[in-house]
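Examination of the molecular architecture
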Amino acid sequence: MRLRGRGQVARGLTLVLRFVGGTSWEKTRRLPEASAHDDDLRTMAYRLIDAAGLQCGRLTGLALRGDDLTDADQVAEQISLDQAREDRLVAEAVSDRIRKKFGPDVIGPAAALLRAS
């Protein structure tokens, strides 16, 4: 959301894990194409976490960072024939406009909403 708000895209992601005892693990992966879309970034983040092979390690810190940021208008957008993906991208744009107008906390998980009686 921050990337889209600033008009930027990331070409890669870096995951940094810190463990008890001061050791750390860092892994960087390039995205197939520069993106600021939730699905693309989430998928790559999950792949990085899977690559860490965490079992019972005691984490003291976790950081996910977008790398090689560039202006979104400098990157070509691939046309997709996947209608479900296109629908998610439209919903993402609508969500961004709603958050901009009404605040960042206006949209969230339905389970987090208070019950009206």
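Preceding this paragraph is the structure being described.
Residues numbered from 1 in each chain as written. Predicted model: local features only at pLDDT ≥ 70, side-chain atom pairs only at ≥ 80, totals over all residues. Heavy atoms only, no water.

Moving on, we come to the environment of Gln-8. Structurally, Gln-8 can be placed in strand β1 (residues 8-19). Expressed as a C-alpha distance, the spacing of Gln-8 and Val-75, which sit 67 residues apart in the sequence, is 9.5 Å. Discounting residues that sit within four places of it in the chain, Gln-8 has contacts with Leu-3, Ala-36, Leu-69, Thr-70, Asp-71 and Ala-72. (Helix = DSSP H or I, 4+ residues; strand = E, 2+ residues; numbered from the N terminus. Contact = heavy atoms within 4.5 Å.)

Core analysis: the biggest nonpolar cluster contains 13 residues, and Leu-3, Leu-13, Leu-31 and Leu-41 have the highest contact counts within it. Elements with a minimum of two residues in this core: β1, β2 (24-35) and α2 (38-52). Looking at this core, the element that brings in the most residues is β1, giving six residues. Setting aside residues up to four positions removed in sequence, Leu-13 forms contacts with Lys-27, Thr-28, Arg-29, Leu-41, Met-44, Ala-45, Leu-48, Leu-64, Arg-65, Gly-66 and Asp-67. (Core = buried A, V, L, I, M, F, W, Y, C linked by side-chain atoms within 4.5 Å. Buried < 20%, exposed > 50% of the residue type's maximum accessible area, 1.4 Å probe, protein only.)

Here β1 runs beside β2; their pairing, made up of eight bridges, is antiparallel. Within the sheet, the bridge partner assigned to Arg-18 lies in β2 and is Ser-24. Connecting the antiparallel pair β1 and β2 is a turn made up of four residues, with Gly-21 showing a positive phi of about 100°. (Pairing = 2+ DSSP bridges.)

Across its 20 residues, helix α3 (residues 83-102) extends 28 Å between first and last C-alpha, which sits within 8% of the 28 Å expected from 1.5 Å per residue. When we look at burial in α3, the residues that qualify are Arg-85, Leu-89, Glu-92, Ser-95, Asp-96 and Arg-99. Along the long axis of α3, the arc covered by the buried residues comes to 120°, so they all point the same way. In α3, the exposed positions that point more than 90 degrees away from the buried face belong to Gln-83, Val-90, Arg-97, Lys-101 and Phe-102. Elements that come into contact with the buried residues of α3 comprise α1 (2-6) and α2. Its side-chain oxygen 3.2 Å from the backbone nitrogen of Ala-84, Asp-82 forms the N-cap of α3. Following α3 by one or two positions, Gly-103 has its phi on the positive side, about 110°. (Expected span 1.5 Å × (residues − 1). Arc of directions from axis to C-beta. Polar contact = N/O pair within 3.5 Å; in protein donor to acceptor, adjacent residues only side chain to side chain.)

It is worth spelling out α2 at this point. Over its 15 residues, α2 runs 21 Å from end to end, which matches the ideal 21 Å to within 8%, given 1.5 Å per residue. Those residues of α2 that fall on the buried side of the exposure criterion are Leu-41, Met-44, Ala-45 and Leu-48. Seen end-on, α2 carries its buried residues on one side only, within an arc spanning 105°. Along α2, exposed side chains directed more than 90 degrees from the buried face belong to Tyr-46 and Asp-50. Looking at the buried side of α2, the elements it contacts are α1, β1, β2 and β3 (59-67). Phi turns positive one or two residues past the end of α2, at Gly-53, with a value near 60°.

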